[in-house]
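Each chain is listed here by its residues.
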There are 2 protein chains.
Amino acid sequence: MSSLPQEIAASSEQVFDHHGFAASGIDTLAHAAGVSTRTLYKHMGSKADLIAAALEARSARFFDQLAVTDVDGLFAALEQWVQTEGARGCFFLRAAGELSDDFPEALKVVTEYRRRLRTLVGELVNHTDPPHDDLLAEQILVLFEGATSVATYRGVEGITAARAAAASLVHQS
Amino acid sequence: MSSLPQEIAASSEQVFDHHGFAASGIDTLAHAAGVSTRTLYKHMGSKADLIAAALEARSARFFDQLAVTDVDGLFAALEQWVQTEGARGCFFLRAAGELSDDFPEALKVVTEYRRRLRTLVGELVNHTDPPHDDLLAEQILVLFEGATSVATYRGVEGITAARAAAASLVHQS
DNA sequence: CTCAATGTAAAACGAGCGTTGTACTCTTCA
DNA sequence: TGAAGAGTACAACGCTCGTTTTACATTGAG
């Protein structure tokens, strides 16, 4: 049995993902979490804090899925994610677009997510045989982000295409 | 001298792009357009209609920039766009994420934009020498969307990488 | 000149928002 | 037993929002 703050952050992650941040009211978020608004505020402080917590929860959950050993596994994991979670575009890009400077903590989570994703891709590319440089890492990152976006309207086909493109770029000398 | 509705849609496009749809109030939008709220409503009907009009304006403006003859030109045009407009992620993806079913007209514009972008990429890939198939078109689409996303935090470097990747994929048999 | 069209300013409306206060119930454990 | 802690329901607060109303200014054509 996990803690209430974690449950609230987890269910809020889903509500924000499906309806956007501004459009998700506290009452809706509290009801989705199965708690009263009073309890929600006691644990989360404010809506801004709750948004940051939801982004943290998504980041942790997403990188758990991305625990892979090679570039191809990255796209396999993304395909798996989209099949179980659906595709609505990068949660963090959407957050950055919707949230202004009034949400500095949330934006910090977005920045940290991006840094971590870039680092992960860089490591995976570095462990290919033979090792590759920064250009390939940037290209894999583009394919990953592109697959995430394209999947919103072309489904897993976009991820399949990205996966094949990544393989081509990795294996060509 | 262009018409008031066009001016309102154009300036609203900028406000929505920089601050999000829900966070942009009617007063802000009217002030940015240099008109009163009364005039804004007379010409645009409602905020939902204004959002749809702003998306239409962006679509027209963006595809004007994408009047190119080959795949490489596509990424050159995107690089140019980002340098003059900045990068905040795909406007249409963000709209789809923020707007619910209460905005059917806006979502129709998003769908139409995506259909048109996919068609454009398909045509450009088909006119390569030698002509290529649907897989490459999907891959170029992924690179284009990925470059748009990655540019938000890695700048034009992401577009440069995507451009090189596209060239690799096009020229390899 | 006048009238219709088109614009403005400013206030008001009802609704929903994020947030807090109050009063109550239930559990737990010393 | 009884006090403390943690949760609930529910109303209220001040604020902002989208939208409409009212009253007034400007302008160009017949």
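Residues numbered from 1 in each chain as written. Chains lettered and ligands numbered in written order. Predicted model: local features only at pLDDT ≥ 70, side-chain atom pairs only at ≥ 80, totals over all residues. Heavy atoms only, no water.

If you check an unreviewed UniProt entry, chain A appears there as TetR family transcriptional regulator from Nesterenkonia aurantiaca.

Novice: What is the right way to read the protein's contact with DNA strand D from this model?
Specialist: The local shell around DNA strand D holds 15 residues, among which Thr39(A), Ile26(B), Arg38(B), Tyr41(B) and Lys47(B) are the closest. Among atoms of DNA strand D positioned within 4 Å of the protein, sugar and phosphate together represent 68%. At 2.8 Å from a phosphate oxygen of DNA strand D is found a side-chain nitrogen or oxygen belonging to Ser36(A). Contacts to DNA strand D include Thr39(A), whose side-chain N or O atom sits 2.2 Å from a phosphate oxygen. Put simply, the parts of the chain that give the surface near DNA strand D at least two residues each are helix H3 (37-44) of chain A together with helix H3 (37-44) of chain B. Of the residues contributing to the surface near DNA strand D, the split by class is 4 nonpolar, 8 polar and 3 charged. (Near = heavy atom within 4 Å. Polar contact = N/O pair within 3.5 Å; in protein donor to acceptor, adjacent residues only side chain to side chain. Helix = DSSP H or I, 4+ residues; strand = E, 2+ residues; numbered from the N terminus. Nonpolar A, V, L, I, M, F, W, Y, C, P; charged D, E, K, R; others polar.)

Novice: What is the right way to look at the UniProt feature "DNA-binding region" (unreviewed entry) in chain A in this model?
Specialist: As recorded in UniProt, the sites labelled "DNA-binding region" (unreviewed entry) are residues 25-44 of chain A. Secondary structure across residues 25-44 of chain A divides into 80% helix and 0% strand, with the first and last C-alpha atoms of the span separated by 14 Å. (UniProt positions renumbered as here; feature names shortened; annotations may be inferred.)

Novice: Sorry if this is basic, but what is going on with the interface of chain B and chain A here?
Specialist: Each partner contributes to the interface: chain B provides 35 residues, whereas chain A provides 35 residues. Considering only the surface of chain B that becomes buried against chain A, Leu93(B), Val142(B) and Tyr153(B) emerge as the three largest contributors, covering 20% of it. Taken together, chain B and chain A are joined by 2 salt bridges. Taking the shortest distance from any N to any O, the salt bridge between Glu138(B) and Arg154(A) comes out at 2.3 Å. (Contact = heavy atoms within 4.5 Å. Buried area = accessible area lost by both parts, 1.4 Å probe. Salt bridge = Lys/Arg side-chain N within 4 Å of Asp/Glu carboxyl O.)

Novice: Help me out: how do you make sense of the domain arrangement of chain A in this one?
Specialist: A common measure of how large an interface is: the accessible area buried when the components associate. Residues and elements named next belong to chain A. Each domain of chain A was delimited in the assignment, giving domain 1 (1-56) and domain 2 (66-173). A straight line from the C-alpha centre of domain 1 to that of domain 2 covers 26 Å. Facing the 16 residues of domain 1 at the interface are 13 residues of domain 2. When the two sides are added together, the surface that domain 1 and domain 2 hide from each other amounts to roughly 1200 Å², 63% of it contributed by carbon and sulfur. Of all residues in domain 1, the largest losses of buried area upon contact with domain 2 belong to Asp 17, Phe 21 and Leu 55, amounting jointly to 50% of the total for that side. Counting across the domain 1 and domain 2 interface gives 2 salt bridges. Close ionic contact of Arg 88 with Asp 17 constitutes a salt bridge, the shortest N to O distance being 3.1 Å. (Domains from an automatic or database assignment.)

Novice: Before we go on, may I ask you to explain the protein's contact with DNA strand C in this structure?
Specialist: Surveying the vicinity of DNA strand C reveals 14 residues, the closest of which are Ile26(A), Arg38(A), Tyr41(A), Lys47(A) and Thr39(B). A distance of 3.1 Å separates a phosphate oxygen of DNA strand C from a polar atom in the side chain of His43(B). Listing elements by their share of the surface near DNA strand C, those giving two or more residues are H3 of chain A together with H3 of chain B. Per-element accounting of the surface near DNA strand C gives the leading share, 3 residues, to H3(A). Broken down by class, the residue content of the surface near DNA strand C amounts to 4 nonpolar, 8 polar and 2 charged.

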